[in-house]
Amino acid sequence: QVQLVESGGGLVQAGGSLRLSCAASGRTFSSYAMGWFRQAPGKEREFVAGISWSGRRTYYADSVKGRFTISRDNAKNTVYLQMNSLKPEDTAVYYCATRPGEAYEYDYWGQGTQVTVSS
């Protein structure tokens, strides 16, 4: 069974930084693409960033491009989201997800970690 466990969320002031981690188990991590999504109160879940199985290809939502960086360590079965220059509008529950490949839908999700950015 696939399990994804996020950590690293918290409260930070605007302009600050956080690094989220997502530890994966239950499938061959290095063979699967990973992604980060977020959901703010009253809003739909939205894509934040994605990374290929090798880490060579990364994708970002326009709203976070230049501020967030997704990366992965296949030896540790972990994907990261480095978030810099945080804004109050980045406040949301952040979820990691996995999919068999970049042409597939995300099929497993973590439980989420809260990120709150104060102004």
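Refer to the structure presented above.
What counts and how
- Residues numbered from 1 in each chain as written.
- Predicted model: local features only at pLDDT ≥ 70, side-chain atom pairs only at ≥ 80, totals over all residues.
- Heavy atoms only, no water.
- Helix = DSSP H or I, 4+ residues; strand = E, 2+ residues; numbered from the N terminus.
- Contact = heavy atoms within 4.5 Å.
- Disulfide = S-S within 2.5 Å.
- Buried < 20%, exposed > 50% of the residue type's maximum accessible area, 1.4 Å probe, protein only.
- Salt bridge = Lys/Arg side-chain N within 4 Å of Asp/Glu carboxyl O.
- Core = buried A, V, L, I, M, F, W, Y, C linked by side-chain atoms within 4.5 Å.

Q: I keep staring at the environment of Glu102 and nothing clicks. Help me out?
A: Mapping Glu102 onto the fold places it in the loop between strand S9 (92–99) and strand S10 (108–109). Spatially, the C-alpha atom of Glu102 lies 24 Å from that of Thr113, the residues being 11 residues apart in sequence. Once residues within four sequence positions are removed from consideration, Glu102 is found in contact with Ala33, Ser52, Arg57 and Tyr59.

Q: Hey, could you run me through the state of the cysteines in this one?
A: As used here, a disulfide is simply a covalent bond connecting the sulfur atoms of two cysteines. Overall, the coordinates contain one disulfide when judged by the stated rule. One disulfide bridge connects Cys22 with Cys96, the sulfur atoms lying 1.9 Å from each other. The S-S bond linking Cys22 to Cys96 shows a torsion near 40 degrees; that makes this disulfide right-handed. With Cys22 in strand S3 (residues 18–25) and Cys96 in strand S9, the pair connects residues that are 74 residues apart, well separated along the chain. Overall, Cys96 belongs to the buried group, its relative accessible area being 0%.

Q: Would you take a moment to explain the pattern of salt bridges for this structure?
A: A side chain with one charge may pair with a side chain of the opposite charge, provided their charged atoms come close. Across all of its chains, the model carries six salt bridges by this definition. Between Asp90 and Arg38 there is a salt bridge, and its shortest N-O distance comes to 2.9 Å. With a gap of 52 residues between them, Asp90 in the loop between strand S8 (78–83) and S9 and Arg38 in strand S4 (residues 33–39) connect regions that are remote in the sequence. Exposure remark for Asp90: the relative accessible area of 1% places this residue in the buried category. Across the salt bridge formed by Asp90 and Arg67, the nearest N and O atoms sit 2.7 Å from each other. Of the two residues, Asp90 sits in the loop between S8 and S9 while Arg67 sits in the loop between strand S6 (58–60) and strand S7 (68–73), which places them 23 residues apart along the sequence.

Q: Help me out: how do you make sense of the nonpolar core in this one?
A: Soluble globular proteins: nonpolar side chains tend toward being buried together. Counting residues in hydrophobic clusters, the biggest one holds 26 residues, and the most contacted among them are Trp36, Val48, Phe68, Val79, Leu81, Met83 and Tyr94. For this core, the elements supplying multiple residues, two or more each, are S3, S4, strand S5 (46–51), S7, S8, S9 and strand S11 (113–118).

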